[in-house]
Amino acid sequence: MANGFYWKLAVHNVKNNRVMYGPYFFASTVMSAVYFIILNVVFNRSIANMSYGATIQAMFTLGIVVMTLFAIGYIFYINGFLIRRRKKEFALYGILGLEKRHVLRIIIWENVIVNGCSLIAGLLSGAVLGKLVMFCLLRVLSTAPGSYYQISLPALLLTCFTFGIIFIATTCYNALQVHLARPVDLLHGAKKGEKKLRGVIPLSLLGLLILAFAYILAIVVESPGIAISLFWPDVILVIIATWLLFVVGCYFVLSRLQKNKKFYYRPENFITVSGLLHRLRRNASGLANICILSTMVIVTVSCCTALFFGQESILRQWHPADVIIGFVDQGETAAQVMQQAWQLSEETAAQSGLQLTLVEQLTPSELTSTHYSGIFGEHQSSDYSYLAFNVQGNSEEITPWLANLLSQLPKTGSSGYIYSEIFSERAESYALYGGLLFLGVFFALLFLTNTVLIIYFRQVSESYDDRRRFVIMQQVGMDDQAVKQTIQRQIRTVFLLPLLGALLHAAAASPMLITMLEAFQLYNSWVTLACVAGTGLAFIVFYLLVCKLTARTCYSMLKC
Amino acid sequence: MVLLQAVDLVKTYSGRLGGRRYSALDKVNFQVEQGEFTAVMGASGSGKTTLLNLLASLDKPSQGDVILNGQSFRSIDERRLAAFRRQNLGFVFQDYNLLDTFTVRDNILLPLVLNRAAVEDMEKRLIPLASRLGLESLLDKFPYEISGGEQQRTAVARAMITNPKLLLADEPTGALDSRSSANLLDIFSEFNAQGQTIVMVTHSAFAASFSSRVLFIQDGRLLTEIYRGDEPRRAFFDRLVNASSSLMDGGANVG
Ligand SMILES: Nc1ncnc2c1ncn2[C@@H]1O[C@H](COP(=O)(O)OP(=O)(O)OP(=O)(O)O)[C@@H](O)[C@H]1O
Ligand SMILES: [Mg+2]
């Protein structure tokens, strides 16, 4: 048979399965676009030449590693989902007399079409959106005139390479699936019964215990160093607990409800409880994944925003005043010298259009206390008198003015003066935390897209089955309105559960986040709390919106 | 006493393309007496399912009316229809239509739960019915764990548990082998012997031979009816086969 035949059949299949292939296409497009953009940032020369550009690029390189792992896992996940749904179709081909190798050819063509198109679309949108992303990045970093977005060949090749490998791997996986299965199995495979769950009570208890332990750990830990080293183990504990609780915990609660006859055999509860039980059993792992991904989004974004918005507070830990100049304390001369220095500073500042405000009380003992001691290092600060002031005005004027001032300062004794200033560190901090925020938001977007897609796939597969149930219940004598309501109630419960879980996790994690951020000198826990709360709220709104939209689109798609 | 009356039932479907109208039922009139076991027999596409759906109030006729126990379906408000259906009618379908989220027990109890029956009452009705249908040992299994015949018996139990005035069955043996078919039809006859009114739609003369009266339908029109009288089932079956081959050019299935 001519190759054109398989090609046509493949095109036809992709079109027919667009309800499923569409989101798959979208997911891999987004993934490759993001990958391409990040790679372009990593390979960008003009960023490398920026001050602290190296820090940003190192951070993004780490991001690439995480992304690659994530992309592999995720694309395999949706691919598996797609293939399982289509097994019946493949069986039909077999029964209609297409040999396995013919089916294989069709599958390979389908994969080539979908993956090829999504890679091209990803690269194109990466190239276009990259400009926008770069613009935002530079704004957030608030530095670097002269940096520009540049598409680099290595980035292009590396993206094609990575996704090429992933696509080849999924194609092989699909081919293997078709190869291993016999038509009979395939036909029956779709409707396999659920196995009875064993050890429900101990496993639920175990899940609860692990979760409680992880939460307590997150709440009681006090030292930032320990918090950082315990963070990942704690995350893993929470993931295990989430899985256990979704898979067996919900089952346990619902089957308890089912045993209570007076409660269970009422119209409102009867259908809801058994429907929920059924849904949760089929979707437990998907829901657990949604919960975990959502938690990751909330935690990542709130950490990054906390660091970004808290960086002033961090800087202030080190710099109680913008500029501090210390003179060796030699009785009255020091006071005179300081007076002179202050006058000089004010005059030069006025010439540059800057305003200075004296920071009055800054005792030597304050400066030697824990946070500041690092700045003046080995100098015995009690030997010094300090002149401390804040600077206001055009930030571009500040650096030249400061250099000029320092060269003109009077000296006392042999050692001259020591000083510290906030400006260069602020720039560095913007580069670091701005880059971090940027990366965080990027990842959050990625996680979100994927969460949305999991939700979508869940909804689609559910609504297929729902239609059948809908009809049967009407036949048995439930009115349309009631049927719709119970089904919607079930769907709502099912999708609210992961959201509630994620919010609970995030709330329990926030003490640990506060402690961890102290390692970054962010002692203002209110900033962290506000960021967690803000992110949580934004996430709730987003999540509910997504559930509504996906539910609506997929029901309307299935009806026509 | 007349339990069910179909009055000038017409059902037309407008075609998807161009709106050419196709009439699936054309002025169907008949009556079913209380306690009768009526079969409607016809070839594929003759309008049997369409007719049954109208009798079941699952669909609305284009013209005409159905009257059950003196109550016209047209006079029942849309919102009350579901409750009416679940209190007066029981259904059995070709493809069982059990809910896979429920165990056999809960599938059977579903209509009672919707009627807000008391839990003790449910048990009282369930146990004898289940034992009569041979379902006692299967009550806690799920539909996909039991055979087709068992699923169909579950569907019968679900239809019968509310003691409906009328039991409607659409091709109930369509998916069963001959032994489970005979088993199911015996159950129907038994119910009928105890006074249950049944209307069953089928294309098979074998299934129809269990009834007490057979209506023949072709192209949406009732052709004739044949009463069984005191005849044994085998003889009635032979008569039905002869009648259907002469009436419908061999359109009906002997099996
Ligand atoms: N929803 C519909 N829209 C258009 N035409 C329909 C519809 N439902 C049924 N028909 C047509 O009405 C006619 C009667 O259909 P019906 O399902 O009642 O046949 P049947 O006697 O039950 O056949 P079978 O024994 O194969 O089940 C058929 O020709 C069918 O094509
Ligand atoms: Mg039919």
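Visitor: How should the overall build of chain A be read in this particular structure?
Guide: Along chain A, the regular secondary structure elements total 18 helices and four strands. A buried classification covers 50% of the 560 residues belonging to chain A. Sequence separation of at least 24 residues holds for 86% of the intrachain contacts in chain A that already meet a minimum separation of 6. Accessible area of chain A: about 26,900 Å², with a carbon and sulfur share of 66%.

Visitor: Please explain the site of ligand 1 as it appears in this structure.
Guide: All names here are of chain B. Within the structure, ligand 1 sits among Tyr13, Tyr22, Ala24, Ala43, Ser44, Gly45, Ser46, Gly47, Lys48, Thr49, Thr50 and Glu171. Side-chain polar atom of serine 44 to an oxygen atom of ligand 1: 2.5 Å apart, as the coordinates give it. Considering ligand 1 on its own, with 640 Å² of exposed area, one finds that the protein chains cover 58% of that surface. Among the elements of the structure, β2 (21-33) and α1 (48-55) are those that each provide at least two residues to the shell around ligand 1. With three residues, α1 is the largest single contributor of residues to the shell around ligand 1. Its residues assigned to classes, the shell around ligand 1 comprises four nonpolar, six polar and two charged.

Visitor: How should I be thinking about the pairing of strand β1 (residues 2-14) of chain B in this particular structure?
Guide: Along any regular strand, the residues point their side chains to alternate faces of the sheet. All names here are of chain B. With nine bridges joining them, β1 and β2 adopt antiparallel strand pairing. Considered in β2, the bridge of leucine 4 is made with valine 32. In this structure, β1 lies alongside strand β4 (residues 63-68), joined through five bridges in antiparallel fashion. Bridge assignment links leucine 4 to a residue of β4, and that residue is leucine 68.

Visitor: Could you clarify how one ought to interpret the packing of aromatic side chains in this entry?
Guide: Aromatic rings considered in pairs are described by the distance between their centres and by the relative angle of their planes. Inspection of the entire model under this criterion finds 16 aromatic pairs over all chains. When the ring of A:Tyr264 is compared with that of A:Tyr265, the centres are 5.0 Å apart and the planes differ by 55°; the resulting orientation is tilted. Given a relative accessible area of 1%, A:Tyr264 falls into the buried group. Ring plane angle 65° and centroid distance 6.3 Å describe the contact between B:Phe37 and B:Phe188, whose orientation is recorded as edge-to-face.

Visitor: Please clarify how the layout of surface pockets should be interpreted in this entry.
Guide: Unoccupied space between atoms shows up once a probe the size of one water molecule is rolled over them. Residues and elements named next belong to chain A. Each pocket or cavity is described by its volume, and for the second largest pocket that value is around 1,200 Å³. What lines the second largest pocket is a set of 37 residues, among which Phe231, Trp232, Val299, Thr300 and Cys303 lie closest to the centre. Among the elements of the structure, α4 (53-96), α8 (200-220), α9 (224-259), α11 (267-318), α16 (423-476) and α17 (480-518) are those that each provide at least two residues to the lining of the second largest pocket.

Visitor: Looking at this structure, how should I read the nonpolar core?
Guide: The tendency in soluble globular proteins is for nonpolar side chains to be buried as a group. With 141 residues, the main nonpolar core has A:Met31 and B:Phe188 as its most contacted residues. It is α16(A) that provides the largest number of residues to this core, a total of 17 residues. Residue contacts for B:Phe188: discarding those within four places in its chain leaves B:Phe37, B:Val92, B:Val156, B:Leu167, B:Ala169, B:Pro172, B:Ile198 and B:Met200.

Visitor: What's the story with empty space enclosed by the protein in this structure? I'm lost.
Guide: Per the counting criterion, the structure on display carries five cavities of 30 Å³ or more. Looking at the largest cavity, its volume works out to about 100 Å³. A:Gln475, A:Val476, B:Arg85, B:Arg86, B:Leu89, B:Gly90, B:Phe91, B:Pro111, B:Arg158, B:Ala159 and B:Thr162 are the residues that line the largest cavity. Elements represented by at least two residues in the lining of the largest cavity include exactly α16 of chain A together with α2 (78-88), β6 (89-92) and α5 (148-160) of chain B.

Visitor: Help me understand a positive patch on the surface, please; the structure alone is not making it clear to me.
Guide: Residue and element names in this part refer to chain A. Together, Arg489, Arg492, Lys548 and Arg552 line one region of the surface with positive charge. Residue assignment for the positive patch shows that the elements contributing at least two residues are α17 and α18 (525-559). Its location among the elements puts arginine 552 in helix α18. For arginine 552, a relative accessible area of 56% gives the class exposed.

Visitor: I'm lost on the sheet that holds strand β8 (residues 197-202) of chain B in this one. Help?
Guide: Strand pairs in the sheet, formed through backbone hydrogen bonds, run parallel or antiparallel to each other. All names here are of chain B. One open sheet holds the six strands; their spatial order is β6-β7-β8-β3-β9-β10, and the pairing between them is mixed. The sheet is open, and its two borders are formed by β6 and β10 (221-227), each paired with just one other strand. Geometrically, the sheet is characterised by an average inter-axis angle of 20° between neighbouring strands, direction not taken into account. Of the strand pairs in this sheet, β6 and strand β7 (residues 166-170) are connected by four bridges, and their pairing is parallel. Bridge pairing links glycine 90 to leucine 167 in β7. Contacts from helix α6 (residues 178-193) reach β3 (37-42), β6, β7 and β8, with the element oriented near 150° to β8.

Visitor: Explain the pairing of β10(B) here, please?
Guide: All names here are of chain B. For strand β9 (residues 213-218) and β10, the ladder comprises six bridges, and the chain directions are antiparallel. Bridge pairing in β10 links isoleucine 217 to leucine 222. Hairpin connection from β9 to β10: two residues lie between these consecutive antiparallel strands, with aspartate 219 at a positive phi of about 45°.

Visitor: Looking at this structure, I do not really get the interface of chain B and chain A. What am I missing?
Guide: As a measure of interface size, the accessible area lost when the parts come together is often cited. The interface is formed by 26 residues belonging to chain B together with 26 residues belonging to chain A. Three residues stand out in chain B for area buried against chain A, namely B:Thr101, B:Val113 and B:Tyr144, and they jointly supply 21% of the buried area on that side. Counting across the chain B and chain A interface gives one salt bridge. A:Lys262 serves as the salt-bridge partner of B:Glu120, at 3.3 Å between the closest nitrogen and oxygen. At the boundary of chain B and chain A, one finds three residue pairs in polar contact (both at pLDDT 80 or more). Broken down by secondary-structure element, the contributors of at least two residues to the side of chain B that touches chain A are α2, α3 (104-114) and α4 (119-132) of chain B. When residues of the side of chain B that touches chain A are assigned to their parent elements, the largest contribution, seven residues, is made by α3(B). For the side of chain B that touches chain A, a count of residues per class yields 15 nonpolar, two polar and nine charged.

Visitor: Whenever I open this one, the state of the cysteines confuses me. Can you help?
Guide: A covalent bond between the sulfur atoms of two cysteines is what we call a disulfide. Residues and elements named next belong to chain A. By the definition in use, this model includes zero disulfides over all chains. Free of any disulfide, cysteine 172 has its nearest cysteine sulfur in cysteine 160, 18 Å distant. Cysteine 172 gets classed as partly exposed once you look at its relative accessible area, which sits at 47%. Free of any disulfide, cysteine 291 has its nearest neighbouring cysteine sulfur in cysteine 250, separated by 10 Å. Under the relative-accessibility criterion, cysteine 291 is labelled buried at 1%.

Visitor: Which parts of the structure should I look at to understand the sheet that holds strand β5 (residues 71-72) of chain B?
Guide: All names here are of chain B. An order of β2-β1-β4-β5 is seen for the four strands of this open sheet, with the pairing classed as antiparallel. Since the sheet does not close on itself, it has two edges, and those belong to β2 and β5, each with one partner. Of the strands in this sheet, β1, β2 and β4 are in contact with α1, which crosses β1 at around 125°.

Visitor: Could you clarify how one ought to interpret a nonpolar patch on the surface in this entry?
Guide: Residues and elements named next belong to chain A. The grouping of Phe43, Leu158, Phe161 and Ile165 at the surface amounts to a nonpolar patch, some 370 Å² of accessible area in total. Note on placement: isoleucine 165 falls in helix α6 (residues 153-180). Classification of isoleucine 165 by relative accessible area gives partly exposed; the value is 47%.

Visitor: Just checking my understanding: could you explain the pattern of salt bridges for this structure?
Guide: Two side chains of opposite charge can pair, provided their charged atoms sit close to one another. Residue and element names in this part refer to chain B. Tallied over the full model, the rule gives eleven salt bridges over all chains. Arginine 105 is paired through a salt bridge with glutamate 123; the nearest N and O atoms lie 4.0 Å apart. Residue arginine 105 is found in helix α3, and its partner glutamate 123 is found in helix α4; the two are separated by 18 residues along the sequence. Assessed through its relative accessible area of 26%, glutamate 123 is described here as partly exposed.

Visitor: Which parts of the structure should I look at to understand the packing of α11(A) against α17(A)?
Guide: Between two packed helices, both the angle of their axes relative to each other and the distance between the axes serve to describe the pair. Residues and elements named next belong to chain A. Two elements in contact, α11 and α17, have axes separated by 6 Å at closest approach and are oriented at 30°. The angle between α11 and α17 places the two elements in the roughly parallel class. The chirality of how α11 crosses α17 is right-handed.

Analysis parameters
- Residues numbered from 1 in each chain as written.
- Chains lettered and ligands numbered in written order.
- Predicted model: local features only at pLDDT ≥ 70, side-chain atom pairs only at ≥ 80, totals over all residues.
- Heavy atoms only, no water.
- Helix = DSSP H or I, 4+ residues; strand = E, 2+ residues; numbered from the N terminus.
- Buried < 20%, exposed > 50% of the residue type's maximum accessible area, 1.4 Å probe, protein only.
- Contact = heavy atoms within 4.5 Å.
- Areas by Shrake-Rupley, 256 points an atom, 1.4 Å probe, with all protein chains shown as cover.
- Near = heavy atom within 4 Å.
- Polar contact = N/O pair within 3.5 Å; in protein donor to acceptor, adjacent residues only side chain to side chain.
- Nonpolar A, V, L, I, M, F, W, Y, C, P; charged D, E, K, R; others polar.
- Pairing = 2+ DSSP bridges.
- Phe/Tyr/Trp six-rings, centres within 6.5 Å; stacked < 30°, edge-to-face > 60°.
- 1 Å grid on protein atoms, 1.4 Å probe; cavity = no way out; pocket = protein on both sides within 12 Å on 5 of 7 lines; lining within 4 Å.
- Points joined across faces, edges and corners; volume = space filled by probe spheres on them.
- Core = buried A, V, L, I, M, F, W, Y, C linked by side-chain atoms within 4.5 Å.
- Patch = residues over 30% accessible without salt bridge, like charges linked within 9 Å, V, L, I, M, F, W, Y side chains within 5 Å.
- Salt bridge = Lys/Arg side-chain N within 4 Å of Asp/Glu carboxyl O.
- Lys, Arg positive; Asp, Glu negative; His and termini not counted.
- Charge placed at Lys NZ, Arg CZ, Asp CG, Glu CD.
- Axes fitted to C-alpha atoms, helices over the stretch in contact; angles between N-to-C directions.
- Buried area = accessible area lost by both parts, 1.4 Å probe.
- Disulfide = S-S within 2.5 Å.
- Parallel < 35°, antiparallel > 145°, perpendicular 65-115°, else oblique.
- Left-handed = near helix turned anticlockwise from the far one by under 90°.

Purely geometric stuff here, so don't read any function into it on its own.
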